[in-house]
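Structural features, examined
What follows is each chain in one-letter form.
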2 protein chains.
Amino acid sequence: MFREIRRKDRVADPADIDRLLSGGEYGFLATVGPDGYPYSVPLSFVYINGAIYFHCAVEGHKLDNLAYSSKVSFSIVGKTQVLPDQFATEYESAVIFGTAALVEGDDKKAALEALIGKYSGGFEKEGAAYIDQAIGKTKVVRIGIERITGKRRK
Amino acid sequence: MFREIRRKDRVADPADIDRLLSGGEYGFLATVGPDGYPYSVPLSFVYINGAIYFHCAVEGHKLDNLAYSSKVSFSIVGKTQVLPDQFATEYESAVIFGTAALVEGDDKKAALEALIGKYSGGFEKEGAAYIDQAIGKTKVVRIGIERITGKRRK
């Protein structure tokens, strides 16, 4: 179903993709709305159990789009460096295609704890208290990964 | 047709949006494919004449999607700073909804020159020669802006 990368010389190594998935500061979620427009927004995320998780408010554009279509892409950019004299930019990126679904219960809590672990290292205790008071006011979405492509130009 | 930002306290100033449009190093183009999946990729871009322009190879996933639907979004993130103790991230972002179309002739050349000016300052002369030899092997796409929303958390 999914296509191959056209420029084979720019296919990234699996280890580079893993590093982007595990360490990327944010990614861009792209969804599709009932009006046919895609919608892409930057999000904090974690990569655990082979899937991407993010959290969001209990209502909004993202969730409305996901209710219309669960098909998403999620893209992460790593280091970039503009090369002015070469009319080019060094970059590395990963693009995921997948299906999004809300998660609840233990899965939801585990994702929120993983977000604290990734973004708030050293504040795990305060983070646990924060989760307890915020968990009812947030949604957690899991993106099941159907395909990942990684590109890099060095 | 387009919705309002839910969190009014996070609406960015027009000046901040302009700065992201003019100075952002890259943006994420989101398109929709005939299989219903959105596709988002990072791209270099310029903002001139009130529109976003980017260039790409003469064939590929982006152009195939644009042939299917010209409805796109284009998102730019500025400075971000993770605030570990606050379980939050400072950020500023702009999300554009618009319609994409290929441009030719003078418009195409002007966009390529603007890309050189933005990314290859000091190499305008070499850039002009580069454009001359590359212009037949590249496509330039203009995103007509229908709506911009800017968000920031400080």
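Scroll up a little and you will see the structure.
Rules behind the numbers
Residues numbered from 1 in each chain as written. Chains lettered and ligands numbered in written order. Predicted model: local features only at pLDDT ≥ 70, side-chain atom pairs only at ≥ 80, totals over all residues. Heavy atoms only, no water. Core = buried A, V, L, I, M, F, W, Y, C linked by side-chain atoms within 4.5 Å. Buried < 20%, exposed > 50% of the residue type's maximum accessible area, 1.4 Å probe, protein only. Helix = DSSP H or I, 4+ residues; strand = E, 2+ residues; numbered from the N terminus. Contact = heavy atoms within 4.5 Å. Phe/Tyr/Trp six-rings, centres within 6.5 Å; stacked < 30°, edge-to-face > 60°. Lys NZ or Arg CZ within 6 Å of the ring centre and 35° of its normal. Pairing = 2+ DSSP bridges. Axes fitted to C-alpha atoms, helices over the stretch in contact; angles between N-to-C directions. Buried area = accessible area lost by both parts, 1.4 Å probe. Salt bridge = Lys/Arg side-chain N within 4 Å of Asp/Glu carboxyl O. Polar contact = N/O pair within 3.5 Å; in protein donor to acceptor, adjacent residues only side chain to side chain. Nonpolar A, V, L, I, M, F, W, Y, C, P; charged D, E, K, R; others polar.

1. Quick word on the nonpolar core
- With 38 residues, the main nonpolar core has Leu 29, Ile 52, Tyr 53, Phe 54, Leu 66, Phe 74 and Ile 143 of chain B as its most contacted residues.
- Considering each element in turn, this core owes the most residues, six residues, to helix H3 (residues 105–119) of chain B.
- Apart from the residues within four sequence positions on either side, Phe 54 of chain B is in contact with Leu 29, Leu 43, Ser 44, Lys 62, Leu 66, Lys 139, Val 140, Val 141 and Ile 143 of chain B.
- Formed by 37 residues, the second largest nonpolar core is a distinct cluster that contains Ile 17, Tyr 119 and Val 141 of chain A together with Val 95 of chain B.

2. Structural notes on the packing of aromatic side chains
- Using the criterion set out here, one finds eleven aromatic pairs over all chains in the structure.
- Both rings, one in Phe 28 of chain A and one in Phe 28 of chain B, keep their centres 3.8 Å apart while their planes meet at 20°; by these two values the pair is stacked. On the criterion of chain membership, the pair formed by Phe 28 of chain A in strand E1 (residues 27–32) and Phe 28 of chain B in strand E1 (residues 27–32) is interchain, its members lying in two chains. Grouping residues by exposure puts Phe 28 of chain A and Phe 28 of chain B together as buried.
- Plain terms: the ring middles of Phe 97 of chain A and Tyr 37 of chain B are 6.2 Å apart, the flat faces sit at 85° to each other, and that makes the pair edge-to-face. One end of the pair, Phe 97 of chain A, is in strand E6 (residues 88–103); the other, Tyr 37 of chain B, is in the loop between E1 and strand E2 (38–43), on a second chain.
- Here the aromatic cluster, defined as three or more aromatic residues joined through ring pairs, consists of Tyr 26 and Phe 28 of chain A together with Tyr 26 and Phe 28 of chain B.
- The ring of Phe 45 of chain A carries Lys 118 of chain A above its face, with NZ or CZ at 3.7 Å from the centroid.

3. Concerning the sheet that holds E1 of chain A
Residues and elements named next belong to chain A.
- Reading across from one edge, E2-E1-E5-E6-E7-E4-E3 is the order of the seven strands in this open sheet, with antiparallel pairing throughout. On the outer flanks of this sheet lie strand E2 (38–43) and strand E3 (46–48), each paired with one strand and no other. Across the sheet, the axes of successive neighbouring strands diverge by a mean angle of 35°, strand direction being ignored.
- Of the strand pairs in this sheet, E1 and strand E5 (residues 71–83) are connected by three bridges, and their pairing is antiparallel. Bridging across to E5, Ala 30 finds its partner in Ser 73.

4. Re unusual backbone geometry
- The phi angle at Phe 87 of chain A is positive, at roughly 55°, despite the residue not being glycine.
- Inspection of the secondary structure assignment puts Phe 87 of chain A in the loop between E5 and E6.

5. Topic: the interface of chain B and chain A
- With 50 residues of chain B at the contact, the number on the chain A side is 50 residues.
- Summed over both sides, the interface between chain B and chain A buries roughly 4,200 Å², with carbon and sulfur atoms accounting for 65% of that surface.
- The largest per-residue losses of area from chain B upon contact with chain A belong to Arg 3, Tyr 37 and Phe 87 of chain B, which jointly make up 18% of the total buried on that side.
- At the boundary of chain B and chain A, one finds zero salt bridges.
- Run the count over chain B and chain A and you get twelve residue pairs in polar contact (both at pLDDT 80 or more).
- At the level of secondary structure, the elements contributing two or more residues to the side of chain B that touches chain A comprise E1, E2, helix H2 (61–68), strand E5 (71–77), strand E6 (81–83), strand E7 (88–103), H3 and helix H4 (124–134) of chain B.
- Considering each element in turn, the side of chain B that touches chain A owes the most residues, six residues, to E7 of chain B.
- Among the residues making up the side of chain B that touches chain A, the classes are represented as 23 nonpolar, 17 polar and ten charged.

6. Structural notes on the pattern of salt bridges
- Scanning all chains against the criterion turns up six salt bridges over all chains.
- Through salt bridges that share partners, Asp 16, Arg 19 and Glu 92 of chain A make up one connected network.

From the geometry alone we can't say anything about function, so treat these as descriptive.
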